[in-house]
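# Tertiary structure, described
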Amino acid sequence: MEKIRILGDHALQLRGKVRISGSKNAVLPAIVASLLTEERLWLQNTPRVKDVFTTLTLMEELGADSELKEDILSIRSKKIISPEASYELVRSMRASILVLGPLLARYGKAIVALPGGCAIGSRPIDLHIAGMQRLGASITLEHGYITAEASRLRGADIQFEKKTVGGTENLLMAATLAQGETVLRNCAQEPEVVSMAELLVKMGARIDGVGDEVIRIRGVKELGGATHEIIPDRIEAGTFLVAGALTGGDITLEKVDPGHLTAIVEKLCVSGANIEKVDDSTLRVIGCPDIKPQDITTSPYPGFPTDMQAQFMVLMTQASGTSIITETIFDRRFSHVNELLRLGANIEVNGDKAVVKGKTPLSGAEVMATDLRASASLILAGLIARGETVINDVEHLDRGYEKIEDKLKRLGASIERLKK
Ligand code: UD1
């Protein structure tokens, strides 16, 4: 198991430039969308993160061939050789459920393992399944696997009970090849959903209302190849913005989309950071030594993202006063709290709320990464904790952050990876 060691410093100020990678959550559905066509997709700005490689392994098992050169991924699912996503892969990456829709739509059958437990609370897939049933699929559940079958999906009017990013993406992909019109209501509006819909349109899908809560899809017989640039990772960008604010530093983030970061930027600015839009793809954050407490409540886009909750909590440990952080998207998404307590933070969790009392000096300790964003929060905390922090189980971090140690090192952090 690899570890990360950080030599933290209260007085550390991160300074310099950092280039933000392509979005993990946008590239995964884009890769999977290749199952909808026998032609080739070229995905530019693909991040080299573990979830991408896990998805490519899954795609290979289904019959795709792919090549990643620099940041351009070329992928083709000329023929689907198996409709099955095994438990081993689905367990390690829940987003594997995204193959359900495209496999059903093109191959007429999908067998996908049920994801099971997950470190950030229960993450059911009932809305994905109910949607596929509305499109005419018959679904059975046996031996921990869902089998979905349909000779050809039929368009339907589908109302999501709750906003779901993966559910919207799955149904959107399935509906592109269904017979007739599908209306999806109460859709997730995250930039990653929009990016995927734009890719599908390039592939020949007929979609109205991209980015809206109601999306209309008129099914077509087949889709073709396309070239698509993956949007910048707004969560990686948000993590570096917090790093700048937390250390009173001065960081310029290149290759970002400021329009996707509004909720995060707003909260950081009211907590004292100075964030300037340098141009359409560059943001500069200048931290301020006097951090003000802020309450946040996570919610679907354009609200404050749940994927930034843990990182923002670290910032609030350094604010002068009390902040209340409310997590509304996932239950049990406070696993980072116990680790932050080990570093000296003062946080109390009560149901879906965490009460953070600042300002507490942090001191380095050995901690455990429990999920992807929790790992990022521990790195941030380690940067300003006095002495050595060792983070165990960093494979979670590698799922979604590209070369984070190198990027932080270039900004002045003392951070290294221990290979065993
Ligand atoms: C995606 C993101 C993840 C982010 C999350 C919320 C990817 C690969 N992952 O996850 O990083 O934290 O959006 O922004 O893009 N739900 C149901 N039934 C379902 C589906 C979801 O009840 O069938 C619930 C979930 O338990 C959760 C909420 O809906 O409470 C939102 O989940 P969802 O948007 O589906 O998250 P993911 O797509 O899994």
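Residues numbered from 1 in each chain as written. Predicted model: local features only at pLDDT ≥ 70, side-chain atom pairs only at ≥ 80, totals over all residues. Heavy atoms only, no water.

This next bit is on the pattern of salt bridges. Applying the stated criterion across every chain, the model contains 21 salt bridges. Salt-bridge contacts for E366 lead to K3; the nearest nitrogen and oxygen are separated by 3.9 Å. With E366 in strand β22 (residues 366–368) and K3 in strand β1 (residues 3–8), the pair connects residues that are 363 residues apart, well separated along the chain. Given a relative accessible area of 23%, K3 falls into the partly exposed group. A salt bridge links D307 to R333, with the shortest nitrogen-to-oxygen separation between them at 2.9 Å. One end of the pair, D307, is in the loop between β18 (296–297) and α10 (309–317); the other, R333, is in the loop between β19 (322–326) and α11 (335–342), and 26 residues separate them in sequence. Several salt bridges share partner residues, and in doing so they unite E2, D398, E405, R417 and K419 into one network. (Salt bridge = Lys/Arg side-chain N within 4 Å of Asp/Glu carboxyl O. Helix = DSSP H or I, 4+ residues; strand = E, 2+ residues; numbered from the N terminus. Buried < 20%, exposed > 50% of the residue type's maximum accessible area, 1.4 Å probe, protein only.)

Spatial ordering of the open sheet is given by β10-β11-β13-β12, a layout of four strands whose pairing is mixed. Each of the sheet's edge strands pairs with one partner strand only, and the pair in question is β10 (157–159) and β12 (206–208). The mean angle between the axes of side-by-side strands here comes to 15°, regardless of whether they run parallel or antiparallel. Direction of pairing for strand β11 (residues 181–185) relative to strand β13 (residues 215–218): antiparallel, over a ladder of four bridges. (Pairing = 2+ DSSP bridges. Axes fitted to C-alpha atoms, helices over the stretch in contact; angles between N-to-C directions.)

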